[in-house]
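What follows is the residue order along each chain.
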Amino acid sequence: MSDLTLPTTAKAVTFSAYGEPDELRLTDTAVPQPGPGQVLLRVSAAAVNALDWKLRRGFMQGIFPVTFPHVPGLEAAGTVVALGPGVDSWQLGDEVLGLALAAYAEYAVADAATLAARPADLPVETAGGLPVVADTAVRGLRLLNLKPGETLLIHGAAGAVGTLAVQFAVEDGVRVIGTAGERDQQALRELGATPVLYGDGVIDRVRAAAAGEPVVAVLHTSGDGVLADSVALVGGPDRVVTIAAAQEAGPLGVTFTSGGTTETAVEGLSRALSLHAAGTLSAPVRTTLPLADAAAAQRLSEQGGGRGKIVLLP
Ligand SMILES: NC(=O)c1ccc[n+]([C@@H]2O[C@H](COP(=O)([O-])OP(=O)(O)OC[C@H]3O[C@@H](n4cnc5c(N)ncnc54)[C@H](OP(=O)(O)O)[C@@H]3O)[C@@H](O)[C@H]2O)c1
């Protein structure tokens, strides 16, 4: 491993029991060592995802068991400060973004193959919140196999994942109807989607918005109890995908997708960074907080009610 002069310990956020946000503590931990194919990042920004607090509450024990102490985090923007064996695609000092477990920390390791170079004009707080949503949007859309001119419904279209999925689908020539709250109707219009209010009667409003065109696919990112009507809307479960309602999906034959591959991670970042280069990327950041305020950050994420990513700045 080649490296700069690195400390042996650094700050990371950990929890050692399932429970409330107060379980999150800023602690001194050993700086991780990058393994084969990995790099060590000095983290500049690490975004909060809903999965982080679902894990902390113990809701995901059946799918994603954690060992204590656990450092949350799924993604980061940062500087490459050490290379694991076999890595020649990055150099020390490179500014990158990508999927990175245990990213609520001053240092985190990431797979070299899933990283992208961070353009100098992309702020770290935006970059740190792109990898998960870009990967997830690509994954959902790939499963739906959309063609230009087809009409897609996205539930939760103004959410972090939804916002990227709308942009990728619109870029592909797909007509998008997106559900969102009152606050975000105009934002969806600006992304090129037809907005519809979520809540009771949503599928009727979607039919009205479709104006006679068939809705052939549904990407569900948010909202309880809408999958059965979504299946009825498109005439079967084959082109209905959820990233958020695994239990509701099962009995309906709807696909639940979770966890990307190197290919989807790379494609997601490549697409997001192309939009950024074209000056059209919309990837809102709701707020930034210091690493020490991870509990407050997760509380905000859990409460919902704001648009954009919540990002920790070590
Ligand atoms: N399976 C995976 O691979 C994967 C990956 C990433 C995320 N996820 C999951 O996907 C979900 C969304 O993630 P995110 O990062 O996009 O979250 P987010 O940024 O918090 O967005 C959630 C969006 O859903 C909207 N919403 C609330 N109630 C709704 C309803 N009844 N119908 C439609 N939309 C509604 C919210 O609007 P308001 O602001 O008006 O409340 C908000 O715009 C989370 O549950 C997360 O855990 C899964």
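Owing to the predicted nature of the structure, the values given are computational and were not obtained by experimental measurement.

What counts, and at which threshold
Residues numbered from 1 in each chain as written. Predicted model: local features only at pLDDT ≥ 70, side-chain atom pairs only at ≥ 80, totals over all residues. Heavy atoms only, no water. Domains from an automatic or database assignment. Contact = heavy atoms within 4.5 Å. Buried area = accessible area lost by both parts, 1.4 Å probe. Salt bridge = Lys/Arg side-chain N within 4 Å of Asp/Glu carboxyl O. Helix = DSSP H or I, 4+ residues; strand = E, 2+ residues; numbered from the N terminus. Expected span 1.5 Å × (residues − 1). Buried < 20%, exposed > 50% of the residue type's maximum accessible area, 1.4 Å probe, protein only. Near = heavy atom within 4 Å. Polar contact = N/O pair within 3.5 Å; in protein donor to acceptor, adjacent residues only side chain to side chain.

## Topic: the domain arrangement of the protein
Taken domain by domain, the protein holds domain 1 (2-130 + 284-313) and domain 2 (133-256). Taking only C-alpha atoms, the centre of domain 1 and the centre of domain 2 are 29 Å apart. With 7 residues of domain 1 in contact, the opposing surface of domain 2 contributes 10 residues. With both chains or domains summed, domain 1 and domain 2 bury close to 700 Å², and 55% of this area falls on carbon and sulfur atoms. Summed over the three residues of domain 1 that lose the most area to domain 2, namely Leu130, Arg307 and Lys309, the buried surface amounts to 64% of that side. Applying the counting criterion to the domain 1 and domain 2 interface returns 0 salt bridges.

## Focus: helix α9 (residues 262-277)
In this model α9 runs 22 Å from its N-terminal to its C-terminal C-alpha over 16 residues, within 8% of the 22 Å that 1.5 Å per residue would give. Within the sequence span of α9, burial applies to Thr264, Ala265, Gly268, Leu269, Arg271, Ala272, Leu273, Leu275 and His276. Those residues of α9 hidden inside the fold are in contact with β6 (95-99), β8 (116-117), α3 (131-144) and α4 (160-171). Downstream of α9 by one or two residues, Gly279 has phi in the positive range, about 80°.

## Structural notes on the pattern of salt bridges
Scanning the model with the defined rule gives 14 salt bridges in all. Salt-bridge contacts for Arg57 lead to Glu302; the nearest nitrogen and oxygen are separated by 2.3 Å. Here Arg57 is found in helix α1 (residues 50-57), whereas its partner Glu302 is found in helix α10 (residues 294-303), with 245 residues between them in sequence. Residue class for Arg57 comes out partly exposed when judged on its relative accessible area of 24%. The class of Glu302 is partly exposed, set by a relative accessible area of 24%.

## Details of the environment of Asn49
Considering the arrangement of structural elements, one finds Asn49 in the loop between β4 (38-47) and α1. Judged by its relative accessible area of 10%, Asn49 is buried. Not counting residues within four places of it along the chain, the set of residues in contact with Asn49 comprises Leu74, Glu75, Val132, Ser301 and Lys309.

## Some thoughts on the site of the ligand
Inspection of the region around the ligand gives 21 residues, with Lys54, Ala160, Arg183, Tyr198 and Thr257 positioned closest. Between an oxygen atom of the ligand and a main-chain N or O atom of Val161, the distance comes to 2.9 Å. In this structure, an oxygen atom belonging to the ligand sits 2.9 Å away from a side-chain N or O atom of Arg183. Counting residues per element, the ones that place at least two in the shell around the ligand are α1, α3 and α4. Tallying contributions element by element places α3 first for the shell around the ligand, with 3 residues.

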